[in-house]
Amino acid sequence: MKLLVIANWKMNPLTEKEVKRLFTSIKKGLKGRKNIEIVICPPFPYLSIINNLLSSIKLGAQDCFWKDKGPYTGEVSPQMLENIGCKYVIVGHSERRETFKETDEMVNIKIKEILKAKLQPIFCIGETEEEKKAGKTFHVLEREIKKGLDKISKKEIEKVIIAYEPIWAIGTKKACEENEVMTVALFIKKLVSRLYNKKVASNIKIIYGGSVDSKNASDYLRESKMQGLLVGGASLNSKEFIKIIKSLNNIKTYLR
Ligand code: PGA
């Protein structure tokens, strides 16, 4: 199983020139690296620009709607994303749940449609600081997983990547302790095993996101045995992002 590192550029950078500069420098710095699946998720207007700069780096989107086409002003469909070369779509990111009031039910429909379009959903879950303090972490994660994966078959779940992103760790430089991440990973696997079966649970890919940088990246994969990382802020700095990928060079042996 290949490690997965996803760059979530969020609503950055501001100009096409900066996009080209950032992507080209990441591409150059990571040339020939085949042991890690690297995915860049830029804002929608930059997807085709990056796709045209051809490389082994895969393309992902940060969100999508659940219809193929039609009168849905402002929306982008999974099918459109597939047609322009995307392989992955982030879904249910806490910033969308919070700012755009996306519900577990909406996330569930999106996941189904992403799978139908033959794309891989990166399904984000995570608790707020208040929920953590109130001891509700597992309760929240269980609700998000059960509702988010409702009526998704055993076959389909193979393509779903679960991204554990504690909300209090996003963009705060307060990264989550590796042992906490490991406990969550085990909890997710147990739950998936209950909802599906042991085989599905052992194969499911779980990744971590939240203030990942070049100093802590390898610890997450080594100590908490995650299969990848979702990197926000640090992926906008090509040197730092390249450093993160290079720091994962010898991790492969820790994976199943
Ligand atoms: P961060 O963001 O790395 O800046 O904390 C991660 C994310 O929101 O995906």
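In case you missed it, the structure is sitting above this.
Here the structure is a predicted model, which is why all the values come from computation and not from measurement. (Residues numbered from 1 in each chain as written. Predicted model: local features only at pLDDT ≥ 70, side-chain atom pairs only at ≥ 80, totals over all residues. Heavy atoms only, no water.)

1. Observations concerning the overall build of the chain
Reasoning step 1: The secondary structure content of the chain amounts to twelve helices and eight strands.
Reasoning step 2: Its C-alpha atoms give the chain a radius of gyration of 17 Å, within 12% of the compact-globule value 18 Å for 256 residues.
Reasoning step 3: On the principal axes, the C-alpha backbone points of the chain span a range of 45 × 45 × 35 Å.
Reasoning step 4: Burial status across the chain gives 50% buried among its 256 residues.
Reasoning step 5: Taken as a whole, the chain presents about 12,800 Å² of accessible surface, with 53% of it coming from carbon and sulfur. (Helix = DSSP H or I, 4+ residues; strand = E, 2+ residues; numbered from the N terminus. Rg over C-alpha atoms; globule rule 2.2 N^0.38 Å. Buried < 20%, exposed > 50% of the residue type's maximum accessible area, 1.4 Å probe, protein only. Areas by Shrake-Rupley, 256 points an atom, 1.4 Å probe, with all protein chains shown as cover.)

2. Regarding the site of the ligand
Reasoning step 1: In the neighbourhood of the ligand, 13 residues make up the surrounding shell, with Lys10, His93, Glu165, Gly171 and Ser211 lying closest.
Reasoning step 2: Glu165 has a polar side-chain atom sitting 2.8 Å from an oxygen atom of the ligand.
Reasoning step 3: Within the contact set of the ligand, an oxygen atom lies 2.6 Å away from a backbone nitrogen or oxygen of Gly171.
Reasoning step 4: A total of 290 Å² of accessible area belongs to the ligand in isolation, and the protein chains cover 95% of it.
Reasoning step 5: In the shell around the ligand, the residues fall into four nonpolar, seven polar and two charged. (Near = heavy atom within 4 Å. Polar contact = N/O pair within 3.5 Å; in protein donor to acceptor, adjacent residues only side chain to side chain. Nonpolar A, V, L, I, M, F, W, Y, C, P; charged D, E, K, R; others polar.)

3. Quick notes on helix H5 (residues 104-116)
Reasoning step 1: Along its 13 residues, H5 runs 19 Å from first to last C-alpha, staying within 8% of the 18 Å computed at 1.5 Å per residue.
Reasoning step 2: Contact partners of the buried residues in H5: helix H3 (78-83), strand S4 (88-91), helix H4 (94-99), strand S5 (120-125), helix H7 (137-148) and helix H8 (154-157).
Reasoning step 3: Of the residues one or two after H5, Lys118 is the one with positive phi, at around 65°. (Expected span 1.5 Å × (residues − 1). Contact = heavy atoms within 4.5 Å.)

4. Re the packing of H5 against H7
Reasoning step 1: Following both chains from N to C, one finds H5 and H7 inclined at 45°, their axes separated by 8 Å at the closest point. Of the possible angle classes, the one that applies to H5 and H7 is oblique. In the packing of H5 onto H7, the handedness of the crossing is right-handed. Judged by residue contacts, Asp104, Glu105, Asn108 and Ile111 of H5 engage Arg143, Glu144, Lys147 and Gly148 from H7.
Reasoning step 2: Its residues assigned to classes, the contact of H5 with H7 comprises one nonpolar, two polar and five charged. (Axes fitted to C-alpha atoms, helices over the stretch in contact; angles between N-to-C directions. Parallel < 35°, antiparallel > 145°, perpendicular 65-115°, else oblique. Left-handed = near helix turned anticlockwise from the far one by under 90°.)

5. Considering helix H9 (residues 178-195)
Reasoning step 1: In a regular helix each residue adds 1.5 Å, so 18 residues correspond to 26 Å; H9 covers 26 Å between its end C-alpha atoms and thus fits that length.
Reasoning step 2: Along H9, the residues that are buried comprise Val181, Val184, Ala185, Ile188, Lys189, Leu191 and Val192. Down the axis, H9 shows its buried residues gathered within 165° of arc, on one side only. Exposed and oriented more than 90 degrees from the buried face of H9 are Asn179, Leu186, Lys190 and Arg194.
Reasoning step 3: Looking at the buried positions of H9, the neighbouring elements they touch are S5, H7, strand S6 (161-164), helix H10 (198-203), strand S7 (205-209) and helix H11 (217-223). (Arc of directions from axis to C-beta.)

6. Remarks on the sheet that holds S7
Pairing between sheet strands relies on hydrogen bonds along the backbone, with the strands arranged either parallel or antiparallel.
Reasoning step 1: Spatially, the eight strands close up into a barrel ordered S1-S2-S3-S4-S5-S6-S7-S8, and their pairing is parallel. Going from strand to strand, the sheet's axes swing by 25° on average, the running direction of each strand aside.
Reasoning step 2: Note that strand S3 (residues 58-61) and S4 share two bridges and pair parallel. Among the inter-strand pairings, Gly60 is bridged to a residue of S4, identified as Tyr88.
Reasoning step 3: Across the face of the sheet, H7 comes into contact with S5 and S6 while running at roughly 150° to S5. (Pairing = 2+ DSSP bridges.)

7. Section: the nonpolar core
Reasoning step 1: Counting 70 residues, the largest nonpolar core has Tyr208 and Phe241 as the members making the most contacts within it.
Reasoning step 2: Of the residues forming this core, the biggest block, six residues, is contributed by H9.
Reasoning step 3: Apart from the residues lying within four places of it in its own chain, the contact partners of Phe241 are Val5, Ala7, Ile26, Leu30, Ile38, Ile40, Val231, Ala234 and Ser235. (Core = buried A, V, L, I, M, F, W, Y, C linked by side-chain atoms within 4.5 Å.)

8. A look at the environment of Pro45
Reasoning step 1: Relative to the helices and strands, Pro45 is located in the loop between strand S2 (36-41) and helix H2 (47-51).
Reasoning step 2: We classify Pro45 as exposed; its relative accessible area is 60%.

9. Some points on the packing of aromatic side chains
Reasoning step 1: Taken as a whole, this structure holds five aromatic pairs when the rule is applied.
Reasoning step 2: With a centroid separation of 5.1 Å and an interplanar angle of 45°, the aromatic rings of Phe65 and Tyr72 are classed as tilted.
Reasoning step 3: For Phe65, a relative accessible area of 14% puts it in the buried group.
Reasoning step 4: Relative accessible area serves as the criterion here: at 32%, Tyr72 is assigned to the partly exposed category.
Reasoning step 5: Taking NZ or CZ as reference, Arg96 lies 4.2 Å from the ring centre of Phe100, over its face. (Phe/Tyr/Trp six-rings, centres within 6.5 Å; stacked < 30°, edge-to-face > 60°. Lys NZ or Arg CZ within 6 Å of the ring centre and 35° of its normal.)

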